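# A closer look at the structure
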Amino acid sequence: SKPQPSIQSVRSQWLASGSLAFTIDGANFGTHDPYDGVSSFLEVHDETQQWRAGNDGSAYNGHSNDIEASLTRWADGQIVIGALTKGFPSGYYPARGGDTITIRVWNAQTGAGPASFTFTLPMPDPPSVSAVSPLLLAGGNMTVSMAGSGFGSHDPYQGDSAYLQVEDVTAGWS
């Protein structure tokens, strides 16, 4: 009989880009060359937000998705996903601390499996602001530039955002 893969632990990491990286430790994963894309041997499933990444569709009835994985290591006892890519993160494929994530791995040589590991995605580190540079423009409009870390990424926009609040504590508005 084929040795079944098993997952002992998964470590997740929020990246500065807002993407996620994962280190999967276990046994009997087989080996695979590093790659960017999808395969039939791996799946990352955000059960809360209902998206899947890294699989070519074979894990769930041929329905692939737009999220790829950048695999930097695939050894028999450890898989490292350096980042989820192509379409992630986005408004259509969000991830949030507290989401339930399931990772599935099939042996890359034999197809045995899947091994499955479910965990709660930790909260990302809170953003840190190191500098703010307001610029008052003609007509009373203001442009604000902020420097710091942990902001994640967002498409440019004009208007209100659920992710940013500017407050004038002197004038009492936000």
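Data block above holds the structure.
What comes next is a walk through the structure. Small disclaimer: the values here were computed from a predicted structure and weren't measured.

So, how was this worked out
The residue numbers shown here count from 1 along each chain, following its written sequence. Whole-chain, interface and lining totals are the exception, using all residues; otherwise, since this is a predicted model, local features are given only for residues with pLDDT of at least 70 and side-chain atom pairs are given and counted only at 80 or more. With hydrogens and water set aside, each side-chain value is computed from the structure's full complement of heavy atoms. Buried means the residue's accessible area, taken with a 1.4 Å probe over protein chains only, is under 20% of the maximum for its type, while exposed means over 50%, and partly exposed covers the values in between. Counting from the N terminus, the helices are the DSSP runs of H or I reaching at least four residues and the strands are the DSSP runs of E reaching at least two. The pairing criterion is simple: DSSP has to find at least two bridges between the two strands. Here a salt bridge means any side-chain nitrogen of Lys or Arg lying within 4 Å of a carboxyl oxygen belonging to Asp or Glu. Stacked, tilted and edge-to-face are the three classes assigned to paired rings of Phe, Tyr and Trp, where Trp is represented by its six-membered ring and a pair needs centres within 6.5 Å; plane angles under 30 degrees give stacked, over 60 edge-to-face, the rest tilted. Whether two residues touch is decided by their heavy atoms; if any such pair falls within 4.5 Å, the residues are in contact.

Right, let's get into the pairing of strand β2 (residues 20-27). Counting buried positions along β2 gives seven out of eight residues, so the element sits mostly inside the fold. Here strand β1 (residues 6-14) runs beside β2; their pairing, made up of eight bridges, is antiparallel. When the bridges of β2 are listed, V10 appears paired with I24. Here β1 hands over to β2 after five residues, with G18 in that stretch at a positive phi of 95°. Where β2 meets strand β7 (residues 78-85), four bridges bridge the pair, whose relative direction is antiparallel. Residue pairing in the sheet places D25 in a bridge with Q78 of β7.

With that settled, consider the pattern of salt bridges. As enumerated under the stated definition, the model contains four salt bridges in all. D25 is paired through a salt bridge with R11; the nearest N and O atoms lie 2.7 Å apart. Here the residue D25 occupies a position in strand β2, and R11 occupies one in strand β1, the gap between them amounting to 14 residues. The exposure class assigned to R11 is partly exposed, which follows from its relative accessible area of 45%. Overlapping salt bridges bring together E43, R52 and R104 as one network.

Quick look at the packing of aromatic side chains now. Counted by the stated rule, this structure contains two aromatic pairs. Plain terms: the ring middles of F22 and F119 are 6.3 Å apart, the flat faces sit at 70° to each other, and that makes the pair edge-to-face. In this pair, F22 is assigned in strand β2 and F119 in strand β9 (residues 115-120), connecting sequence segments 97 residues apart. Consider the rings of F117 and F119, whose centres lie 6.2 Å apart with planes at 45°: the pair is tilted.

Below, the discussion takes up the side chain of H45. Following the sequence through the fold, H45 ends up in strand β4 (residues 42-46). Assessed through its relative accessible area of 7%, H45 is described here as buried. Those residues in contact with H45 that sit more than four places away from it in its chain are Q50, W51, R52, T100, I101, T102 and R104.

By themselves these figures say nothing about function.
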